[in-house]
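The residues making up each chain are set out below.
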Amino acid sequence: MGYIQAEKVEFSYDGDEGESVKKVLRGISMEIQRGEFVALLGHNGSGKSTMAKMFNAMLLPSQGKVFIDGLDTVDEQVLYEIRRRVGLVLQNPDNQLVASVVEEDVAFGPENLGVPPAEIRERVDAALKAVEMYDFRLNAPYKLSGGQKQRIAIAGIIAMEPDCIVLDEPTAMLDPRGRTEVLNTIHRLNEEKGITIVLITHYMDEAVEADRVIVMDSGEILTQGTPREVFSQVELLKRHKLDVPQATELLYQLQQAGAAIDGCALNIEECVETLEGLAASQQ
């Protein structure tokens, strides 16, 4: 069994008055291994954010099961343990910042877990260093940039010492620099601390860096695999109005125009290498 295991999960939101029930998840099964970095893709309304909230029991399945390290999310007796193991970072960091000083904000989670004060101090310092925000520990969060705020929100989760961090479009409201700061942080946490990462994103270039990509569409899994396996299915993704990385798109368009190109490129470097090879073969 994977660290996160979803088995035939279904979920519906109650419709507004006079509206029918809206089914969001339709028999989803997926498995995420401990230490894995998984990108979850899909349109707005595909069910990916709902799925993320299943992972720390903010939402419970209408049908089916979700297990976190073997713990059943519907079992209220293990709810505390599940939320200690799986931290959720939301799109807007302002929704997660609760204190007027950065280090107090990061301490909020461990305090609620009943961690002794001396250990809280250690955890807060370590978490702020992990996201490279230790020098800002006495600052007011509202004075920070978007990327810095998001890193503080991540530090608040790290201080709770989770095994897994689920990030729901954490870079959607950030400028390119802020995006880079946050992505570097979560990759470092995955590689150096072995924290399992589930990244929900609209950005294909972010998904390319994952170990595995799961694509959702209309509450179901459309396809999944390594980034290369997923993004080589350009026709399938386009049929479902989903993007592919720009490098992949360029080679696809050249292939459609008759260029003798095999495979797909996931980034600029691979794209350049392929085009250089194509140019050399035609000399």
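Our subject is the structure that appears above.
Notes on the structure in this doc start here. None of these values were measured; they are calculated from a predicted model.

## What to know about helix H3 (residues 102–112)
Since there are 3.6 residues in each turn of an α-helix, residues three or four apart along the chain are aligned in direction.
At step 1: Among the residues of H3, those classed as buried are Val102, Glu103, Asp105, Val106, Ala107, Gly109 and Pro110.
At step 2: Of the surrounding secondary structure, the elements contacted by the buried residues of H3 are helix H4 (117–130) and helix H5 (146–158).
At step 3: Gly114 sits one or two positions beyond H3 and adopts a positive phi of about 80°.

## Observations concerning helix H11 (residues 268–281)
At step 1: The end-to-end C-alpha separation of H11 is 20 Å, in line with the 20 Å expected for 14 residues at 1.5 Å each.
At step 2: The N-cap of H11, judged by a side-chain oxygen 3.3 Å from the amide nitrogen of Glu269 a few residues on, is Asn267.

## Concerning the nonpolar core
At step 1: In this structure, Ile154, Ile165 and Phe231 are the most contacted members of the largest nonpolar core, which totals 50 residues.
At step 2: With 30 residues, the next largest nonpolar core counts Ala6, Ile68, Leu71 and Val78 among its residues.

## Some remarks on the sheet that holds strand E3 (residues 37–41)
At step 1: One open sheet accounts for six strands, arranged E6-E7-E8-E3-E9-E10; its pairing is mixed. At either end of the open sheet lies a strand with only one pairing partner, and these are strand E6 (86–89) and strand E10 (220–225). Strand after strand, the sheet turns through a mean of 15° between neighbouring axes, direction not considered.
At step 2: Contacting E6 and strand E7 (164–168), H5 crosses the sheet at an angle of about 165° to E6.
At step 3: On top of the sheet, helix H6 (residues 176–193) reaches E3, E7 and strand E8 (196–200); it is set at about 150° to E8, its chief contact.

## Points about the sheet that holds strand E2 (residues 22–32)
At step 1: The sheet built from four strands is open, its strands ordered E2-E1-E4-E5 with antiparallel pairing. Single-partner strands in this sheet number two, and they are E2 and strand E5 (71–72).
At step 2: The pairing of strand E1 (residues 4–13) with strand E4 (residues 63–68) spans five bridges and is classified as antiparallel. Its bridge partner lying in E4, Ile4 is registered against Ile68.

## Digging into the side chain of Gln148
At step 1: By the secondary structure assignment, Gln148 is in helix H5.
At step 2: Not counting residues up to four positions away in its chain, the partners in contact with Gln148 are Met133, Phe136 and Glu181.

## Here we look at the pattern of salt bridges
At step 1: Per the stated rule, a full pass over the model turns up 20 salt bridges.
At step 2: A salt bridge links Arg34 to Asp69, with the shortest nitrogen-to-oxygen separation between them at 3.2 Å. You can see Arg34 sitting in the loop between E2 and E3 and its partner Asp69 sitting in the loop between E4 and E5, a full 35 residues away along the chain.
At step 3: Under the relative-accessibility criterion, Asp69 is labelled partly exposed at 32%.
At step 4: Across the salt bridge formed by Asp69 and Arg85, the nearest N and O atoms sit 2.5 Å from each other. Placement of the pair is Asp69 in the loop between E4 and E5 and Arg85 in helix H2 (residues 79–85), with a sequence separation of 16 residues.
At step 5: Because the salt bridges share partners, they merge into one network encompassing Arg34, Asp69, Glu81, Arg84 and Arg85.

Rules of the game
- Residues numbered from 1 in each chain as written.
- Predicted model: local features only at pLDDT ≥ 70, side-chain atom pairs only at ≥ 80, totals over all residues.
- Heavy atoms only, no water.
- Buried < 20%, exposed > 50% of the residue type's maximum accessible area, 1.4 Å probe, protein only.
- Helix = DSSP H or I, 4+ residues; strand = E, 2+ residues; numbered from the N terminus.
- Contact = heavy atoms within 4.5 Å.
- Expected span 1.5 Å × (residues − 1).
- Polar contact = N/O pair within 3.5 Å; in protein donor to acceptor, adjacent residues only side chain to side chain.
- Core = buried A, V, L, I, M, F, W, Y, C linked by side-chain atoms within 4.5 Å.
- Pairing = 2+ DSSP bridges.
- Axes fitted to C-alpha atoms, helices over the stretch in contact; angles between N-to-C directions.
- Salt bridge = Lys/Arg side-chain N within 4 Å of Asp/Glu carboxyl O.

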